[in-house]
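Now for the letters of each chain:
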Amino acid sequence: MPNRVQPQSIRTVGELFANAAIQDVETPIYPPKRSLLSRVHLCQGDITEIEVDAIVNAANSTLQGGGGVDGAIHMAAGPALAKACRELYPGRHPCPAGDAKITPGFQLPSKYVIHAVGPRWSVYSDTQTMASQLASCYRISLQSAVDNKCESIAFPLISTGIYGYPIDEAAHVALKETRIFLEENNQLDHVVFVIFTGRDGDQKVYEKFIPYYFPHGPEDVTESVEPLSSAKGSVDE
Ligand code: APR
């Protein structure tokens, strides 16, 4: 029986603050909002074992599997996954960068797989375009989860492996889009960021940047949720 991990057993941002695994920063980009801290989780592991309603796959435009997390998800889900992608989304490249498509999860613990195609990092591509494509992956995946009545979702670090997206930049995009989305949508109870087993450096990056987007703060700030400062520019180095 494959290992299964319940989202409720994964440390929330609130618990990370309580255990002093992360600390508040001088210049958070968003105001404290305690109610969000129990809805965002961070863990190291294998996303195919996370028993959420939907796991997000870092796919390619063909949706026919590949290496990395894509390979792991197709392996765990079984051949029906690639078949469903072909039938639901016909065409050689049915999912362009920045888009995401949902299918059943088949043999996975999760009910759905949301196949998000991140940008392939290139020094010859426009940085802003790649950042907005990555942001779109998170936004569309979150919206697709809500549209399909999901209450929990798990993300890998899209584009930061084979596609070579710098992890710091990718973490900012992921955390910002998630903060904005959770402010506007109450349906998702659990958003889990899954760092692949053993990638301690990636975990440290998330632990460093989470307080900018999900600060603990002295108390809730109930007024406008506009960013406190320009994203990222104020991150203490
Ligand atoms: N669980 C969680 N995270 C994982 C797992 C796993 N089982 N396997 C890999 N990862 C992590 C990697 O460590 C990385 O942080 O997923 C993140 C994304 O890396 P990739 O899987 O390489 O995906 P990406 O960089 O988006 O490249 C996508 O790679 O696999 C092919 O078909 C895929 O062409 C596409 C490209």
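Procedures and definitions
- Numbers given for residues are sequential positions, taken from 1 along each chain in its written order.
- Only residues with pLDDT of at least 70 are given local features in this predicted model, and only at 80 or more are side-chain atom pairs given and counted; all residues enter the totals for whole chains, interfaces and linings.
- For the side-chain quantities, the full set of heavy atoms in the structure was used; hydrogens and water were omitted.
- UniProt positions are given in the numbering used here, feature names are shortened, and annotations may be inferred rather than shown by experiment.
- Runs of E in the DSSP output that reach at least two residues are strands. Runs of H or I that reach at least four are helices, and both are numbered from the N terminus.
- We call a set of buried residues a nonpolar core when its members are Ala, Val, Leu, Ile, Met, Phe, Trp, Tyr or Cys and they connect through side-chain atoms within 4.5 Å of each other.
- When accessible area is computed with a 1.4 Å probe and restricted to protein chains, residues below 20% of their type maximum are described as buried, those above 50% as exposed, and intermediate ones as partly exposed.
- The contact definition used throughout considers only heavy atoms, calling two residues in contact when any of these lie within 4.5 Å.
- In this text, near means that some heavy atom of the residue lies within 4 Å of the molecule or strand in question.
- Each polar contact in these results corresponds to two N or O atoms within 3.5 Å; when the atoms are within protein, one needs to be able to donate a hydrogen and the other to accept it, and residues that are neighboring in sequence are counted only if both atoms are side-chain atoms.
- Only the protein chains shown count as cover for residues, with accessible areas throughout obtained via the Shrake-Rupley method and a probe of 1.4 Å.
- Using a grid of 1 Å spacing that covers the protein atoms alone, one calls a set of points a cavity when a 1.4 Å probe fits there but cannot get out, and a pocket when the set is open and has protein on both sides within 12 Å along at least five of seven lines; lining residues are those with an atom within 4 Å of a point.
- The way we define it, a molecule is inside a pocket or cavity when more than half of its atoms are within 2 Å of that pocket's grid points.
- Only Asp, Glu, Lys and Arg are considered charged in this grouping, and only Ala, Val, Leu, Ile, Met, Phe, Trp, Tyr, Cys and Pro are considered nonpolar; every other residue, Gly among them, is considered polar.

- The name given to the chain in an unreviewed UniProt entry is Macro domain-containing protein, with Suillus subaureus as the source organism.

Here's the deal with the UniProt feature "domain: Macro" (unreviewed entry) in the chain
Inference 1: The feature "domain: Macro" (unreviewed entry), as annotated in UniProt, sits at residues 27–214 in this numbering.
Inference 2: As a span, residues 27–214 carries 40% helix and 18% strand, and end to end its C-alpha atoms are 12 Å apart.

Focus on the nonpolar core
Nonpolar side chains tend to gather and get buried jointly when the protein is soluble and globular.
Inference 1: Counting 57 residues, the largest nonpolar core has Ile153, Phe155, Leu188, Phe193, Tyr206 and Phe214 as the members making the most contacts within it.
Inference 2: Other than its neighbours up to four places away in sequence, Ile153 contacts Val52, Ala54, Val56, Ile114, Ser141, Leu142, Ala145, Leu188, His190, Val191 and Val192.
Inference 3: Formed by 14 residues, the second largest nonpolar core is a distinct cluster that contains Cys43, Ile55, Leu108 and Ala154.

Here we look at the site of the ligand
Inference 1: Near the ligand, the surroundings consist of 22 residues, among which Gly67, Val69, Asp70, Gly161 and Ile162 are the closest.
Inference 2: Ile47 is positioned such that a nitrogen or oxygen atom in its backbone is 2.9 Å from a nitrogen atom of the ligand.
Inference 3: Coverage of the ligand by the protein amounts to 93% of the 690 Å² it exposes when considered alone.
Inference 4: When each cavity is represented as a set of grid points, the ligand is found to reside in the largest pocket.
Inference 5: Secondary-structure elements contributing two or more residues to the shell around the ligand are β2 (54–59) and α3 (68–77).
Inference 6: In terms of residue count, α3 provides more of the shell around the ligand than any other element does, four residues in total.
Inference 7: Split into classes, the residues belonging to the shell around the ligand amount to ten nonpolar, nine polar and three charged.

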